[in-house]
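# Coordinate analysis (summary)
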Amino acid sequence: MMPFLIRTTWRKVLPACLAILTLTSTRGWAVEPPRPEAILVFGHANPDTDSIVGAIATADLLNRTGRPAVAMAQGPVNPETAFVLKRFQLSAPPLLGTIAGRRIVLVDFTEPLQGPADLRDARQVLVVDHHKPAGLVGIEPPETWVQSVGSVNTILFEKYRE
């Protein structure tokens, strides 16, 4: 049943996700505990494949540019995402804790209700999204990688090609 779900649900998203997972898995991406100075990169409250892979890829891109970052997840991965991560021998990002006072990156969402309760107490440094921006919070405007495309990983795939 899993291949059927992926084929029907992720027809547009999966190619970009798989390309990014291939790029990040060749670099030996691994789950690591978040360092105090690291930027926390996470997707929405009910993480799907686009959100989880997007957090992994964004953290990888930030690390490649000298900005220490770690991918996190707001909740456990769903069966589709677990299937994709297992296929590429990757672990799911650790679960997000308190973010107050931390630098953060929002991936695949901008709506505050889809974020953690202490979202307003964190410093957003980047937003990567393919949805219409809605309700960004924070004192200063974050850097944004927002495009109207099929998935957040399409944006990230293009960033890898730059």
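Above this note sits the structure.
Residues numbered from 1 in each chain as written. Predicted model: local features only at pLDDT ≥ 70, side-chain atom pairs only at ≥ 80, totals over all residues. Heavy atoms only, no water.

### Thoughts on the pairing of strand β1 (residues 39–42)
For the record, the criterion: Each residue's exposure class comes from its accessible area (1.4 Å probe, protein chains only) as a fraction of the maximum for that residue type: buried when under 20%, exposed when over 50%, partly exposed otherwise. The numbering of helices and of strands both runs from the N terminus, where a helix is a DSSP run of H or I of at least 4 residues and a strand a run of E of at least 2. One bridge is not enough; two strands pair if DSSP finds at least two bridges between them. If the strands point away from the viewer and the path from the first strand over the helix to the second runs clockwise, then the crossover is right-handed.
Burial along β1 is two-sided: I39 and V41 and L40 and F42, pointing in opposite directions, are all buried. Relative to strand β2 (residues 69–71), β1 runs parallel, the two sharing three bridges. Each bridged residue has a counterpart across the sheet, and for L40 the counterpart in β2 is V70. Between β1 and its parallel partner β2, the chain crosses via helix α3 (residues 49–64), and the hand of that crossover is right-handed. Direction of pairing for β1 relative to strand β3 (residues 103–107): parallel, over a ladder of three bridges. If you follow F42 over to β3, its bridge partner there is L106.

### Some words on the packing of α3 against helix α5 (residues 152–161)
Two quantities define a packed helix pair, namely the angle between the helix axes and the distance between the axes. Going by this rule: Here an axis means a line fitted to C-alpha atoms, over the contact stretch when the element is a helix, while the angle between two N-to-C directions is reported on a 0 to 180 degree scale. Every angle not falling under 35 degrees, over 145, or within 65 to 115 is termed oblique; those three ranges are roughly parallel, roughly antiparallel and roughly perpendicular. Crossing handedness follows the turn of the near helix against the far one: under a right angle anticlockwise gives a left-handed crossing, and clockwise gives a right-handed one. The criterion used for residue contact is that any of the two residues' heavy atoms lie within 4.5 Å.
One can describe the packing of α3 onto α5 by two numbers: an axis separation of 9 Å at closest approach and a directional angle of 25°. Considered as vectors, α3 and α5 are oriented roughly parallel to each other. Every pair of crossing elements has a handedness; the one defined by α3 and α5 is left-handed. Within the contact between the two elements, α3 uses T49, D50, V53, G54, A57, T58, D60, L61 and R64 and α5 uses V152, N153, L156, K159 and Y160.

### A few points about the nonpolar core
As a reminder, the rule being used: Only buried residues count toward a nonpolar core, which is a set of Ala, Val, Leu, Ile, Met, Phe, Trp, Tyr and Cys residues joined through side-chain atoms within 4.5 Å.
V41, V105, L126, V128 and W145 are the most contacted members of the largest nonpolar core, which totals 26 residues. The dominant element in this core, judged by the number of residues it contributes, is α3, at seven residues. What V128 contacts, discounting residues up to four positions off in sequence, is T58, V105, L106, V107, D108, F109, W145, V152, I155 and L156. With 13 residues, the next largest nonpolar core counts L40, F109, L119 and V127 among its residues.

### Here's the deal with the pattern of salt bridges
Using the following cut-off: Salt bridges are defined as contacts in which a side-chain nitrogen from Lys or Arg sits within 4 Å of a carboxyl oxygen from Asp or Glu.
Throughout the structure, instances matching the rule amount to two salt bridges. Here D60 ties to R64 by a salt bridge, and the two come within 2.9 Å at their closest N and O atoms. Of the two residues, D60 and R64 are both situated in helix α3; the distance of four residues between them amounts to about one turn of the helix. Judged by relative accessible area, which is 39%, R64 ranks as partly exposed. The partner of E162 in a salt bridge is K159, and the shortest N-O contact between them spans 3.9 Å. Overall, the relative accessible area of 73% leaves E162 in the exposed class.

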